[in-house]
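Summary of structural features
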Number of protein chains: 2
Amino acid sequence: MVKVNNSRSEATRTALMDAALQIISESGVRSVTHRKICSRAGTALGSVNYHFKDLDDLLSSAFSFYVEGVSERYEASFSAARNDDQLADAVMDLIAALSSDKRNAILMWELYAEGGRERTYRKLVRKWSKRAKVGVEGYCSANTATALEAVWDGAVMQRILGDASLPDEELRRVVVAIIQLDSSRRYPADSPVEPAGGRGRAAARRRPPSRT
Amino acid sequence: MVKVNNSRSEATRTALMDAALQIISESGVRSVTHRKICSRAGTALGSVNYHFKDLDDLLSSAFSFYVEGVSERYEASFSAARNDDQLADAVMDLIAALSSDKRNAILMWELYAEGGRERTYRKLVRKWSKRAKVGVEGYCSANTATALEAVWDGAVMQRILGDASLPDEELRRVVVAIIQLDSSRRYPADSPVEPAGGRGRAAARRRPPSRT
C-alpha cells in the first residue's frame, strides 16, 4: 500500500472512515462491505484498497479515529482535577460525553460484540478503554480507574437505553464513594490523602507540564 | 397465527429461538433471516411463520427466552441475602454468571446496539434490566439497584473483553460501598439500617414466602 500524504488524500481517507462508522452504526460491523463504504463516501470502488491495507485495517482505523474524537471531548476536564470533587466532575463529564449521542453508544456496543468474537476488535476495545482511563490514572490507582470505568460504561447504557437511569446527583455520589475507597489517590500540588501531612513536598510531585 | 401447544410444537419453537440466538451471537441481529434460522434449526422454511407472528416476534421471543435462562442462574442467590455481605455476594454471583460465557455477553451487546436503533429492542433491554434488578430491589432503593446494575454491566464488559478487570475482592469493595450508601436498605428479619433499633418489629416486615 502506498499512502500519499497530501490533504486531498487525507480527506478521502477520512471520508472512508466516516462512511464505515455510519454503516456500522446503522446496521453493524458485519454488514460493512467495500461497495457500501465507497458508495457512501462517494469514492471509486478501489479507494479502500488504495488507502487501507484491507477492510479490517479500515474498520480498525475508523474505530481509532472515532475514539480520538470522543476522547478529545472529555480529556481536558481530567487534566484540571485537583481534588475528589473535581475528579468526580471529570468522570461525570466523561459520562455526559459518552451518553450525548446514541450513535457513539451503538458504535461502542458494536465494537464490544465484535470484540467478543474477534481478537482484532478486542484489541481496539482495550485501546479505547486504556485511553479513557488515563485521565483517572493520573490521580488514582489503576484499580480505581477500572472501577470507575465499570460505572461509566454501565451508566452510559442506562442513559441511552434504560428507563431508570440514575439522576446526576446519585451517580456522582457513587463516583465519589469509589474515588474515596482509594487511599493512594493524590492530586498535583497535593499530599497523599493518607497519611495526612507532607504538603511541603507537594511541589516535587507535581507533574511537569512537559509530560502531557 | 395458530399456536399448537403440544410438546413437539414447543420443541420446534425452542429450536427456532435457539437457532436465532446462535446466529445473532455469531454475526449479529441484522444478519438473521428466515432462511438461516430454518436451516440452522433443521425445520421447513415456513416454520418461523407458523410459530411466530414475524421475524421480529421470533427475535424478541428468543431474547426473552435467553433472559429467562440467564436470570434463573443467579436469582436464587438474591433471595437468600440477609445482610450487606450476602447481598454483595449475590451481586458477585450475578457478575460471575453474566461473565461466564462470551456468547451471553455478545448477545447482550447485540441487543444494546439494536436497542440504540430500534424501540422494540430497547423495550427488551429494559425488560432484561428490570428482571436483573428485582433481586436487589428487595433490599435496596431502586436507585441503589440502578447503581449496582451500572457496575455489574461495566464489570462484565471488562471481564469478557478487557485486559485489566478488577480482582473479585476489589470489585466486591465497590459493590459494598454502593450498598452502604443506601440508608434505606433493609433485609428480612432485620430492622432498617438507620435509625438503629426496632428489631422487635422485624418479623412483621419479613416478606412471606408466598410472595415469591
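Remarks on the overall build of chain A
Per the secondary structure count, chain A includes 10 helices and 0 strands. Starting at the N terminus and walking to the C terminus, you meet the elements of chain A as α-α-α-α-α-α-α-α-α-α. Excluding contacts between residues fewer than 6 apart, the proportion of contacts in chain A whose partners are at least 24 apart in sequence is 62%. A total accessible area of about 9,800 Å² is found for chain A, and carbon and sulfur atoms account for 49% of it.

As for the pattern of salt bridges
Side chains that differ in charge, positive against negative, can pair when their charged atoms come close. One pass over the structure, following the stated rule, counts 28 salt bridges over all chains. Between B:E110 and A:R117 there is a salt bridge; the shortest N-O distance is 2.8 Å. Here the residue B:E110 occupies a position in helix α7 (residues 102-117), and A:R117 occupies one in helix α6 (residues 102-117), the pair thus bridging two chains. With respect to class, B:E110 is no different from A:R117; both count as buried. B:R131 is paired through a salt bridge with B:E68; the nearest N and O atoms lie 2.5 Å apart. Of this pair, B:R131 sits in helix α8 (residues 119-137) while B:E68 sits in helix α4 (residues 55-72), placing them 63 residues apart in sequence. A residue is classified by how much of its surface remains accessible, and B:R131, at 21% relative accessible area, is partly exposed.

Side note on the interface of chain A and chain B
At the junction of the two partners, chain A supplies 44 residues and chain B supplies 44 residues. Taken over both partners, the interface formed by chain A and chain B buries close to 3,700 Å², and the fraction arising from carbon and sulfur atoms is 60%. Inspection of the region where chain A meets chain B yields 2 salt bridges. In this structure, the connection of chain A to chain B is made through 22 residue pairs in polar contact (both at pLDDT 80 or more). Contributions of two or more residues to the side of chain A that touches chain B are made by α1 (7-27), α6, α7 (119-137), α8 (142-161) and α9 (168-180) of chain A. The dominant element in the side of chain A that touches chain B, judged by the number of residues it contributes, is α8(A), at 13 residues. Looking at the side of chain A that touches chain B, its residues break down into 20 nonpolar, 11 polar and 13 charged.

Digging into the nonpolar core
With 134 residues, the main nonpolar core has A:I37, A:W109, B:I37 and B:W109 as its most contacted residues. In contact with B:W109, not counting residues within four places along its chain, are A:W109, A:Y112, A:A113, B:M157, B:I160 and B:L161.

Considerations on the confidence of the model for chain A
Residues and elements named next belong to chain A. The share of residues in chain A with pLDDT of 70 or more is 87%, and the mean pLDDT across the chain is 86. Within chain A, the element-level pLDDT minimum falls on helix α10 (residues 202-205), averaging 40, and the maximum on α9, averaging 97. In the predicted structure, residues 194-212 sits below a pLDDT of 50 and forms 18 contacts with residues beyond four places in sequence or in another chain.

Looking at the relation of the copies chain A and chain B
Mapping chain A onto chain B is achieved by rotating through 180° and translating by 0.0 Å along the same axis, at an RMSD of 0.0 Å. The operation mapping one copy onto its partner corresponds to a two-fold rotation axis. Most of the interface of chain A is mirrored in chain B, where 100% of its interface residues are also at the interface.

A closer look at α9(A)
Relative to the 18 Å expected for 13 residues at 1.5 Å per residue, α9(A) spans 18 Å between its end C-alpha atoms, a close match to the ideal helical length. A:L171, A:R172, A:V174, A:V175, A:V176, A:A177, A:I178 and A:I179 are the residues of α9(A) that are buried. Check the buried side of α9(A) and you find it contacts α5 (84-99) and α8 of chain A together with α9 (142-161) and α10 (168-180) of chain B.

Observations regarding the packing of aromatic side chains
Residue and element names in this part refer to chain A. In total, this model carries 9 aromatic pairs over all chains according to the counting rule given. An angle of 85° between the planes, with centres 6.4 Å apart, marks the rings of F63 and Y121 as edge-to-face. A residue pair is termed long-range when its members are at least 10 positions apart, and F63 in helix α4 (residues 55-79) and Y121 in helix α7 qualify at 58 residues. Here F63 matches Y121 in class, with each residue buried.

Thoughts on the packing of α7(A) against α8(A)
The packing of two helices is summarised by the inter-axis angle and the distance between the axes. Residues and elements named next belong to chain A. Close contact between α7 and α8 brings their axes to 9 Å; oriented N to C, the two are set at 120°. When the interaxial angle is binned, α7 and α8 end up oblique. Classified by chirality, the crossing of α8 by α7 is right-handed. Residues S129, A132, K133, V136 and E137 of α7 lie in contact with α8, whose contacting residues are A142, A145, T146, L148, E149 and W152. When the residues that make up the contact of α7 with α8 are grouped by side-chain class, the tally is 6 nonpolar, 2 polar and 3 charged.

Points about the environment of B:T144
Residue and element names in this part refer to chain B. Relative to the helices and strands, T144 resides in helix α9. Here the alpha-carbon distance between T144 and I178, two residues 34 residues apart in the chain, equals 7.0 Å. Apart from the residues lying within four places of it in its own chain, the contact partners of T144 are I178, I179 and D182. A polar side-chain atom of T144 sits 3.0 Å from a polar atom in the side chain of S141.

Rules and cut-offs
Residues numbered from 1 in each chain as written. Chains lettered and ligands numbered in written order. Predicted model: local features only at pLDDT ≥ 70, side-chain atom pairs only at ≥ 80, totals over all residues. Heavy atoms only, no water. Helix = DSSP H or I, 4+ residues; strand = E, 2+ residues; numbered from the N terminus. Contact = heavy atoms within 4.5 Å. Areas by Shrake-Rupley, 256 points an atom, 1.4 Å probe, with all protein chains shown as cover. Salt bridge = Lys/Arg side-chain N within 4 Å of Asp/Glu carboxyl O. Buried < 20%, exposed > 50% of the residue type's maximum accessible area, 1.4 Å probe, protein only. Buried area = accessible area lost by both parts, 1.4 Å probe. Polar contact = N/O pair within 3.5 Å; in protein donor to acceptor, adjacent residues only side chain to side chain. Nonpolar A, V, L, I, M, F, W, Y, C, P; charged D, E, K, R; others polar. Core = buried A, V, L, I, M, F, W, Y, C linked by side-chain atoms within 4.5 Å. pLDDT = per-residue confidence, 0-100. Least-squares fit on C-alpha atoms with pLDDT ≥ 70 in both. Expected span 1.5 Å × (residues − 1). Phe/Tyr/Trp six-rings, centres within 6.5 Å; stacked < 30°, edge-to-face > 60°. Axes fitted to C-alpha atoms, helices over the stretch in contact; angles between N-to-C directions. Parallel < 35°, antiparallel > 145°, perpendicular 65-115°, else oblique. Left-handed = near helix turned anticlockwise from the far one by under 90°.

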